[in-house]
Amino acid sequence: YQRRVHGKGVCHSIKMDNSIVVRRDYLQYASKYQRYLKQNRKVSAHCSPAFTPKVGDEVVIGECRPLSKTIHFNVVALNKRGIDTTLATLGKKFAK
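All figures in this text were calculated on a predicted structure; none of them were measured in a lab.

Caption draft 1: Focus on the nonpolar core. Core analysis: the largest hydrophobic core is formed by 10 residues, namely Cys11, Ile20, Val22, Val43, Ala45, Cys47, Val59, Ile61, Phe73 and Val75. Of all the secondary structure elements, the ones that give two or more residues to this core are strand 2 (19-30), strand 3 (35-46), strand 4 (58-63) and strand 5 (71-79).

Caption draft 2: Spotlight on the pairing of strand 3. Judged from the 12 bridges that link them, strand 2 and strand 3 form a sheet pairing that is antiparallel. For arginine 24, the partnering residue across the bridge sits in strand 3 and is arginine 41. Here strand 2 folds back onto strand 3, and the loop between the two strands holds 4 residues, one of which, glutamine 34, carries a positive phi near 55 degrees. Summarising the sheet, strand 3 and strand 5 pair through 3 bridges and their orientation is parallel. Bridging from a neighbouring strand, histidine 46 pairs with asparagine 74 of strand 5.

Caption draft 3: Layout of the pattern of salt bridges. Enumeration over the complete set of coordinates arrives at 3 salt bridges. We note a salt bridge from lysine 8 to glutamate 58, for which the minimum N-O separation is 4.0 Å. Of the two residues, lysine 8 sits in strand 1 (residues 5-13) while glutamate 58 sits in strand 4, which places them 50 residues apart along the sequence. Taking the shortest distance from any N to any O, the salt bridge between lysine 80 and aspartate 57 comes out at 3.8 Å. Highlighted residues: lysine 80 in the segment after strand 5 and aspartate 57 in the loop between strand 3 and strand 4, separated in sequence by 23 residues.

Caption draft 4: Representation of the environment of aspartate 57 within the structure. What makes aspartate 57 buried here is its relative accessible area of 2%. As for aspartate 57 and asparagine 79, which are separated by 22 residues in sequence, their C-alpha atoms are 6.2 Å apart.

Rules behind the numbers
- Residues numbered from 1 in each chain as written.
- Predicted model: local features only at pLDDT ≥ 70, side-chain atom pairs only at ≥ 80, totals over all residues.
- Heavy atoms only, no water.
- Core = buried A, V, L, I, M, F, W, Y, C linked by side-chain atoms within 4.5 Å.
- Buried < 20%, exposed > 50% of the residue type's maximum accessible area, 1.4 Å probe, protein only.
- Helix = DSSP H or I, 4+ residues; strand = E, 2+ residues; numbered from the N terminus.
- Pairing = 2+ DSSP bridges.
- Salt bridge = Lys/Arg side-chain N within 4 Å of Asp/Glu carboxyl O.

As structure tokens, then:
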């Protein structure tokens, strides 16, 4: 059994000890409307002390054994971003 890399996401919260919340955005096709809908899923991931992510950084997470009730992923890589990293900028962006 080989564990796979789950995917990329944006660091959404760093309030836990050695764990972060990663927001994964994706598009889901709605056949009724024949369009793609923007959706997101928040995943808790264990973050080694070797990584120091900030809110808004892009992270790569991989599957691992269950570490707790909600943590089943590990941070594999960290890509820093040079953007404004306030929580207000991470929300959904829709034109008015």
